[in-house]
Amino acid sequence: MNNFANNKIEMNKTILITGTSTGLGRLAAKHFAEKGWNVIATMRSPEKEDELNSIANIKVLKLDITEPQTIQQAIMDGIDTFGKIDVVVNNAGIGMYGALELTADEDIDRQYAVNVRGPINVIKSFLPYFREQRGGKFINVSSVMGRSTALPLGSLYNMSKFALEGLTEGLYFELKPLNIELHLVEPGGFESNFGNNITFSKSETIRDYDLITSNVGAVLNAVNKPGATASPLSIVKTVYNLASGKNNSFRTVVGKDAKSVLMLRKILPIKIFLNLLSKRFIN
Ligand SMILES: NC(=O)c1ccc[n+]([C@@H]2O[C@H](COP(=O)([O-])OP(=O)(O)OC[C@H]3O[C@@H](n4cnc5c(N)ncnc54)[C@H](OP(=O)(O)O)[C@@H]3O)[C@@H](O)[C@H]2O)c1
(Lines give C-alpha, C1' and ligand atoms only; values in the text may rest on other atoms or scores of the structure.)
Protein backbone atom coordinates (compact mmCIF):
# COMPACT_ATOMS: atom_id res chain seq x y z
CA MET A 1 0.00 0.00 0.00
CA ASN A 2 1.43 3.32 -1.09
CA ASN A 3 1.15 5.79 1.83
CA PHE A 4 0.98 8.72 -0.55
CA ALA A 5 -1.45 7.24 -3.05
CA ASN A 6 -5.00 8.41 -3.45
CA ASN A 7 -7.64 7.44 -5.98
CA LYS A 8 -7.14 10.35 -8.42
CA ILE A 9 -5.75 9.30 -11.78
CA GLU A 10 -3.82 12.05 -13.53
CA MET A 11 -2.07 11.63 -16.85
CA ASN A 12 -0.40 15.06 -16.94
CA LYS A 13 2.92 15.53 -15.23
CA THR A 14 3.04 17.50 -12.01
CA ILE A 15 5.78 19.87 -10.93
CA LEU A 16 6.30 21.53 -7.55
CA ILE A 17 8.27 24.79 -7.65
CA THR A 18 9.57 26.72 -4.61
CA GLY A 19 9.65 30.52 -4.50
CA THR A 20 6.93 31.35 -7.03
CA SER A 21 5.93 34.74 -5.62
CA THR A 22 8.35 36.55 -7.97
CA GLY A 23 11.08 36.10 -10.58
CA LEU A 24 12.10 32.81 -12.13
CA GLY A 25 9.78 30.67 -10.02
CA ARG A 26 6.74 32.70 -10.96
CA LEU A 27 7.55 32.71 -14.68
CA ALA A 28 8.26 28.97 -14.54
CA ALA A 29 4.90 28.27 -12.87
CA LYS A 30 3.07 30.06 -15.69
CA HIS A 31 5.20 28.44 -18.42
CA PHE A 32 4.65 24.88 -17.16
CA ALA A 33 0.91 25.56 -16.79
CA GLU A 34 0.76 26.85 -20.40
CA LYS A 35 2.48 23.65 -21.51
CA GLY A 36 -0.29 21.60 -19.84
CA TRP A 37 1.57 20.54 -16.70
CA ASN A 38 -0.07 20.51 -13.30
CA VAL A 39 1.80 23.06 -11.22
CA ILE A 40 2.11 23.27 -7.45
CA ALA A 41 3.25 26.87 -7.11
CA THR A 42 4.60 27.28 -3.60
CA MET A 43 5.42 30.46 -1.72
CA ARG A 44 5.79 31.83 1.77
CA SER A 45 2.72 34.08 1.62
CA PRO A 46 0.04 32.47 -0.58
CA GLU A 47 -2.61 34.77 0.94
CA LYS A 48 -1.10 37.62 -1.13
CA GLU A 49 -1.45 35.72 -4.43
CA ASP A 50 -4.27 36.35 -6.93
CA GLU A 51 -2.95 35.80 -10.45
CA LEU A 52 -1.58 32.26 -10.16
CA ASN A 53 -4.71 31.15 -8.26
CA SER A 54 -6.80 32.04 -11.29
CA ILE A 55 -4.96 29.60 -13.61
CA ALA A 56 -6.83 26.29 -13.77
CA ASN A 57 -3.95 23.84 -13.55
CA ILE A 58 -2.01 25.78 -10.89
CA LYS A 59 -2.46 25.05 -7.19
CA VAL A 60 -0.90 27.71 -4.96
CA LEU A 61 0.33 26.36 -1.62
CA LYS A 62 2.24 27.71 1.35
CA LEU A 63 5.81 26.48 1.61
CA ASP A 64 8.71 28.09 3.44
CA ILE A 65 11.83 26.07 2.69
CA THR A 66 13.20 26.81 6.17
CA GLU A 67 10.12 25.20 7.78
CA PRO A 68 10.00 21.44 7.04
CA GLN A 69 6.41 21.04 8.27
CA THR A 70 5.22 23.45 5.52
CA ILE A 71 7.09 21.33 2.93
CA GLN A 72 5.50 18.09 4.17
CA GLN A 73 2.05 19.71 4.17
CA ALA A 74 2.55 21.03 0.61
CA ILE A 75 3.59 17.54 -0.57
CA MET A 76 0.46 15.97 0.93
CA ASP A 77 -1.84 18.73 -0.39
CA GLY A 78 -0.17 18.67 -3.82
CA ILE A 79 -0.63 14.91 -4.16
CA ASP A 80 -4.18 15.26 -2.92
CA THR A 81 -4.88 17.83 -5.66
CA PHE A 82 -3.09 16.28 -8.66
CA GLY A 83 -2.59 12.64 -7.68
CA LYS A 84 1.21 12.69 -7.89
CA ILE A 85 4.33 14.86 -8.10
CA ASP A 86 6.97 14.06 -10.73
CA VAL A 87 9.43 16.96 -10.59
CA VAL A 88 10.61 19.37 -7.89
CA VAL A 89 12.36 22.66 -8.66
CA ASN A 90 14.49 24.02 -5.83
CA ASN A 91 14.29 27.61 -7.02
CA ALA A 92 13.80 29.78 -3.90
CA GLY A 93 16.95 31.67 -2.97
CA ILE A 94 18.29 34.91 -1.51
CA GLY A 95 21.57 36.83 -1.75
CA MET A 96 23.66 38.29 1.06
CA TYR A 97 26.34 40.59 -0.31
CA GLY A 98 28.98 42.82 1.25
CA ALA A 99 32.28 42.35 3.04
CA LEU A 100 32.07 39.41 5.46
CA GLU A 101 33.34 41.52 8.36
CA LEU A 102 30.44 43.93 7.86
CA THR A 103 27.77 41.22 7.62
CA ALA A 104 25.54 40.57 10.62
CA ASP A 105 25.65 37.04 12.05
CA GLU A 106 21.92 36.61 11.47
CA ASP A 107 22.38 37.44 7.75
CA ILE A 108 25.18 34.85 7.51
CA ASP A 109 22.89 32.25 9.10
CA ARG A 110 19.98 33.24 6.87
CA GLN A 111 22.06 32.79 3.70
CA TYR A 112 22.81 29.23 4.80
CA ALA A 113 19.27 28.58 6.09
CA VAL A 114 17.58 29.51 2.81
CA ASN A 115 20.07 28.57 0.07
CA VAL A 116 21.60 25.45 1.60
CA ARG A 117 19.48 24.05 4.42
CA GLY A 118 16.32 25.00 2.46
CA PRO A 119 16.97 22.68 -0.53
CA ILE A 120 18.16 19.99 1.92
CA ASN A 121 14.82 20.29 3.73
CA VAL A 122 12.91 20.03 0.44
CA ILE A 123 14.90 17.06 -0.87
CA LYS A 124 14.77 15.19 2.44
CA SER A 125 11.00 15.74 2.71
CA PHE A 126 10.45 14.39 -0.82
CA LEU A 127 12.66 11.31 -0.58
CA PRO A 128 10.19 8.97 1.17
CA TYR A 129 7.65 9.72 -1.57
CA PHE A 130 10.09 9.50 -4.49
CA ARG A 131 11.51 6.26 -3.03
CA GLU A 132 8.05 4.77 -2.86
CA GLN A 133 7.34 5.88 -6.44
CA ARG A 134 10.75 4.54 -7.51
CA GLY A 135 11.23 7.76 -9.45
CA GLY A 136 11.35 11.52 -9.33
CA LYS A 137 13.43 14.46 -10.41
CA PHE A 138 15.08 17.33 -8.55
CA ILE A 139 16.12 20.42 -10.52
CA ASN A 140 18.29 22.63 -8.35
CA VAL A 141 18.69 26.25 -9.39
CA SER A 142 22.30 27.10 -8.68
CA SER A 143 24.23 29.93 -10.37
CA VAL A 144 27.46 30.64 -12.20
CA MET A 145 28.46 31.53 -8.61
CA GLY A 146 28.04 27.84 -7.77
CA ARG A 147 31.17 26.98 -9.72
CA SER A 148 33.16 30.20 -9.81
CA THR A 149 33.44 33.59 -8.23
CA ALA A 150 31.86 35.96 -10.72
CA LEU A 151 31.39 39.01 -8.52
CA PRO A 152 33.34 40.05 -5.41
CA LEU A 153 31.62 40.60 -2.02
CA GLY A 154 29.43 37.58 -2.67
CA SER A 155 31.42 35.15 -0.55
CA LEU A 156 28.33 33.98 1.34
CA TYR A 157 26.16 33.61 -1.76
CA ASN A 158 29.13 31.91 -3.49
CA MET A 159 29.46 29.55 -0.51
CA SER A 160 25.74 28.75 -0.60
CA LYS A 161 25.69 27.86 -4.30
CA PHE A 162 28.99 25.91 -4.10
CA ALA A 163 27.31 23.98 -1.26
CA LEU A 164 24.21 23.33 -3.38
CA GLU A 165 26.44 22.00 -6.15
CA GLY A 166 28.31 19.74 -3.72
CA LEU A 167 25.05 18.52 -2.23
CA THR A 168 23.66 17.71 -5.67
CA GLU A 169 26.80 15.87 -6.83
CA GLY A 170 27.09 14.01 -3.55
CA LEU A 171 23.48 12.78 -3.63
CA TYR A 172 23.85 11.33 -7.13
CA PHE A 173 25.17 7.97 -5.96
CA GLU A 174 22.48 7.13 -3.42
CA LEU A 175 19.59 8.35 -5.59
CA LYS A 176 20.58 6.84 -8.95
CA PRO A 177 19.63 3.26 -7.94
CA LEU A 178 16.23 4.60 -6.86
CA ASN A 179 15.65 6.20 -10.30
CA ILE A 180 15.68 9.68 -8.76
CA GLU A 181 17.33 12.23 -11.05
CA LEU A 182 19.30 15.32 -10.05
CA HIS A 183 20.03 18.33 -12.28
CA LEU A 184 21.70 21.70 -11.77
CA VAL A 185 20.87 24.92 -13.63
CA GLU A 186 23.63 27.54 -13.55
CA PRO A 187 22.40 30.93 -14.77
CA GLY A 188 24.35 34.17 -14.99
CA GLY A 189 22.48 37.41 -14.33
CA PHE A 190 18.83 37.69 -15.37
CA GLU A 191 16.03 40.12 -14.64
CA SER A 192 14.04 39.25 -11.49
CA ASN A 193 13.33 40.55 -8.01
CA PHE A 194 16.63 39.08 -6.79
CA GLY A 195 18.49 42.43 -6.81
CA ASN A 196 15.74 44.12 -4.79
CA ASN A 197 15.86 41.31 -2.23
CA ILE A 198 19.64 41.40 -1.79
CA THR A 199 20.94 42.36 1.64
CA PHE A 200 24.06 44.44 0.89
CA SER A 201 26.05 45.05 4.08
CA LYS A 202 27.93 48.35 4.39
CA SER A 203 29.49 50.31 7.23
CA GLU A 204 29.63 54.01 8.11
CA THR A 205 32.56 53.43 10.49
CA ILE A 206 34.83 50.82 8.85
CA ARG A 207 35.98 52.52 5.62
CA ASP A 208 38.52 49.92 4.40
CA TYR A 209 35.97 48.21 2.15
CA ASP A 210 34.53 51.42 0.63
CA LEU A 211 36.14 51.16 -2.84
CA ILE A 212 35.17 47.54 -3.50
CA THR A 213 31.74 48.11 -1.94
CA SER A 214 30.98 51.00 -4.24
CA ASN A 215 32.29 49.21 -7.37
CA VAL A 216 30.36 46.01 -6.63
CA GLY A 217 27.26 48.04 -5.70
CA ALA A 218 27.23 49.61 -9.17
CA VAL A 219 27.33 46.17 -10.84
CA LEU A 220 24.71 44.70 -8.50
CA ASN A 221 22.36 47.57 -9.36
CA ALA A 222 22.46 46.59 -13.02
CA VAL A 223 22.57 42.80 -12.85
CA ASN A 224 18.86 42.00 -12.38
CA LYS A 225 17.51 44.81 -14.54
CA PRO A 226 16.19 44.63 -18.12
CA GLY A 227 19.08 43.95 -20.47
CA ALA A 228 20.77 41.40 -18.19
CA THR A 229 22.54 38.91 -20.43
CA ALA A 230 20.05 36.04 -20.24
CA SER A 231 16.30 36.48 -20.54
CA PRO A 232 14.34 34.98 -17.64
CA LEU A 233 12.43 32.95 -20.24
CA SER A 234 15.66 31.31 -21.43
CA ILE A 235 16.27 30.07 -17.87
CA VAL A 236 12.66 28.85 -17.61
CA LYS A 237 13.02 26.99 -20.93
CA THR A 238 16.16 25.32 -19.59
CA VAL A 239 14.21 24.16 -16.54
CA TYR A 240 11.40 22.99 -18.82
CA ASN A 241 13.74 20.96 -21.03
CA LEU A 242 15.23 19.28 -17.96
CA ALA A 243 11.82 18.57 -16.43
CA SER A 244 10.43 17.10 -19.63
CA GLY A 245 13.53 15.00 -20.34
CA LYS A 246 14.56 16.87 -23.52
CA ASN A 247 17.80 17.71 -21.75
CA ASN A 248 19.35 15.12 -19.46
CA SER A 249 22.52 17.03 -18.59
CA PHE A 250 23.63 17.04 -14.99
CA ARG A 251 24.67 20.72 -15.29
CA THR A 252 23.28 23.33 -17.67
CA VAL A 253 24.89 26.77 -17.85
CA VAL A 254 22.61 29.57 -19.14
CA GLY A 255 23.66 33.03 -20.34
CA LYS A 256 26.67 34.44 -22.17
CA ASP A 257 28.08 35.96 -18.98
CA ALA A 258 27.97 32.64 -17.12
CA LYS A 259 29.48 30.75 -20.05
CA SER A 260 32.38 33.17 -20.48
CA VAL A 261 33.18 33.27 -16.75
CA LEU A 262 33.19 29.46 -16.55
CA MET A 263 35.33 29.22 -19.69
CA LEU A 264 37.90 31.64 -18.23
CA ARG A 265 37.81 29.78 -14.93
CA LYS A 266 38.49 26.53 -16.78
CA ILE A 267 41.40 27.71 -18.91
CA LEU A 268 43.17 30.13 -16.56
CA PRO A 269 45.19 29.28 -13.46
CA ILE A 270 43.07 30.32 -10.45
CA LYS A 271 45.40 33.15 -9.34
CA ILE A 272 45.29 34.72 -12.81
CA PHE A 273 41.52 34.36 -12.96
CA LEU A 274 41.05 35.98 -9.52
CA ASN A 275 43.47 38.81 -10.30
CA LEU A 276 41.68 39.54 -13.59
CA LEU A 277 38.41 39.84 -11.72
CA SER A 278 39.88 41.90 -8.90
CA LYS A 279 41.38 44.44 -11.34
CA ARG A 280 37.83 45.44 -12.25
CA PHE A 281 36.81 46.04 -8.66
CA ILE A 282 39.75 47.09 -6.53
CA ASN A 283 41.87 49.24 -8.84
N1 LIG B 1 18.43 36.69 -10.84
C2 LIG B 1 19.67 36.29 -11.06
O3 LIG B 1 20.49 37.04 -11.65
C4 LIG B 1 20.10 34.91 -10.63
C5 LIG B 1 21.29 34.40 -11.18
C6 LIG B 1 21.69 33.11 -10.85
C7 LIG B 1 20.90 32.35 -10.01
N8 LIG B 1 19.75 32.87 -9.48
C9 LIG B 1 18.96 32.01 -8.60
O10 LIG B 1 17.66 31.89 -9.16
C11 LIG B 1 16.75 31.54 -8.12
C12 LIG B 1 15.50 32.40 -8.26
O13 LIG B 1 15.84 33.74 -7.99
P14 LIG B 1 15.18 34.98 -8.74
O15 LIG B 1 16.27 35.63 -9.52
O16 LIG B 1 13.94 34.60 -9.42
O17 LIG B 1 14.92 35.94 -7.48
P18 LIG B 1 13.59 36.47 -6.79
O19 LIG B 1 12.72 37.15 -7.79
O20 LIG B 1 14.05 37.27 -5.59
O21 LIG B 1 12.85 35.14 -6.30
C22 LIG B 1 13.27 34.42 -5.17
C23 LIG B 1 12.09 33.69 -4.58
O24 LIG B 1 12.53 32.94 -3.45
C25 LIG B 1 11.55 33.08 -2.45
N26 LIG B 1 12.04 32.81 -1.10
C27 LIG B 1 12.94 33.48 -0.35
N28 LIG B 1 13.08 32.89 0.85
C29 LIG B 1 12.24 31.81 0.85
C30 LIG B 1 11.92 30.81 1.80
N31 LIG B 1 12.48 30.77 3.02
N32 LIG B 1 11.01 29.86 1.46
C33 LIG B 1 10.41 29.87 0.26
N34 LIG B 1 10.65 30.81 -0.68
C35 LIG B 1 11.56 31.77 -0.38
C36 LIG B 1 11.05 34.52 -2.59
O37 LIG B 1 9.81 34.63 -1.93
P38 LIG B 1 9.35 35.89 -1.03
O39 LIG B 1 8.62 36.79 -2.00
O40 LIG B 1 8.46 35.27 -0.01
O41 LIG B 1 10.58 36.51 -0.45
C42 LIG B 1 10.97 34.62 -4.10
O43 LIG B 1 9.75 34.09 -4.56
C44 LIG B 1 17.50 31.72 -6.80
O45 LIG B 1 17.90 30.45 -6.31
C46 LIG B 1 18.72 32.54 -7.20
O47 LIG B 1 19.82 32.30 -6.35
C48 LIG B 1 19.33 34.13 -9.77
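About the cut-offs
- Residues numbered from 1 in each chain as written.
- Predicted model: local features only at pLDDT ≥ 70, side-chain atom pairs only at ≥ 80, totals over all residues.
- Heavy atoms only, no water.
- pLDDT = per-residue confidence, 0-100.
- Helix = DSSP H or I, 4+ residues; strand = E, 2+ residues; numbered from the N terminus.
- Contact = heavy atoms within 4.5 Å.
- Near = heavy atom within 4 Å.
- Polar contact = N/O pair within 3.5 Å; in protein donor to acceptor, adjacent residues only side chain to side chain.
- Pairing = 2+ DSSP bridges.
- Axes fitted to C-alpha atoms, helices over the stretch in contact; angles between N-to-C directions.
- Patch = residues over 30% accessible without salt bridge, like charges linked within 9 Å, V, L, I, M, F, W, Y side chains within 5 Å.
- Areas by Shrake-Rupley, 256 points an atom, 1.4 Å probe, with all protein chains shown as cover.
- Salt bridge = Lys/Arg side-chain N within 4 Å of Asp/Glu carboxyl O.
- Lys, Arg positive; Asp, Glu negative; His and termini not counted.
- Charge placed at Lys NZ, Arg CZ, Asp CG, Glu CD.
- Buried < 20%, exposed > 50% of the residue type's maximum accessible area, 1.4 Å probe, protein only.
- Parallel < 35°, antiparallel > 145°, perpendicular 65-115°, else oblique.
- Nonpolar A, V, L, I, M, F, W, Y, C, P; charged D, E, K, R; others polar.

What follows covers the confidence of the model for the chain. Confidence along the chain averages 94 in pLDDT terms, with 95% of residues attaining 70 or more. Within the chain, strand E4 (residues 87-90) carries the highest mean pLDDT (99), whereas helix H6 (residues 210-223) carries the lowest (90). In this model, residues 5-10 is a region of pLDDT below 50 whose contacts with residues beyond four sequence positions or in other chains number 9 contacts.

Moving on, we come to the site of the ligand. Around the ligand there are 29 residues in total, and Ser21, Arg44, Tyr157, Ser192 and Asn224 lie nearest to it. For the ligand, an oxygen atom lies 2.9 Å from a polar atom in the side chain of Thr22. Of all elements in the fold, only helix H1 (23-34), helix H4 (155-175) and helix H5 (194-197) reach the threshold of two or more residues within the shell around the ligand.

Two pairing modes exist for strands in a sheet, parallel and antiparallel, and in both the strands are linked by backbone hydrogen bonds. Here 7 strands make up an open sheet; going across it, the order is E3-E2-E1-E4-E6-E7-E9 and the pairing parallel. Strands at the two margins of the open sheet, each flanked by one partner only, are strand E3 (58-62) and strand E9 (251-254). Adjacent strand axes in the sheet meet at a mean angle of 20 degrees when their direction is disregarded. Two elements, strand E7 (residues 180-187) and E9, share 4 bridges in a ladder whose sense is parallel. Following the sheet pairing, Leu184 is matched in E9 by Arg251. Docked against the sheet, helix H2 (residues 68-82) engages strand E1 (14-17), strand E2 (38-43) and E3, running at close to 160 degrees with respect to E3. The sheet contacts of helix H3 (residues 105-133) involve E1, E4, strand E6 (136-141) and E7, and relative to E6 the element is tilted by about 170 degrees.

With that settled, consider a positive patch on the surface. Taken together, the side chains of Arg44, Lys48, Lys62 and Arg110 present a region of like positive charge at the surface. You can see Arg110 is positioned in helix H3.

Moving on, we get to unusual backbone geometry. Of note in this structure, Arg134 is not a glycine but carries a positive phi near 55 degrees. Among the secondary structure elements, Arg134 is positioned in the loop between H3 and E6. Assessed through its relative accessible area of 49%, Arg134 is described here as partly exposed. At Asn179, a position not held by glycine, the phi torsion is positive, near 65 degrees. Tracing the chain through its elements places Asn179 in the loop between H4 and E7.

Together, Met263, Leu264, Ile267 and Leu276 make up a nonpolar patch on the protein surface, roughly 380 Å² of accessible area in all. Along the chain, Ile267 falls in helix H8 (residues 256-267). Residue Ile267 is classed as exposed on the basis of its relative accessible area, which comes to 56%.

Looking now at the packing of H6 against helix H9 (residues 270-282). Where H6 contacts H9, the axes come no closer than 8 Å and their chain directions differ by 95 degrees. Classified by the angle between their axes, H6 and H9 sit roughly perpendicular to one another. Together, Leu211, Ile212, Asn215, Val216 and Val219 of H6 and Arg280, Phe281 and Ile282 of H9 make up the contact between the two elements. For the contact of H6 with H9, a count of residues per class yields 6 nonpolar, 1 polar and 1 charged.

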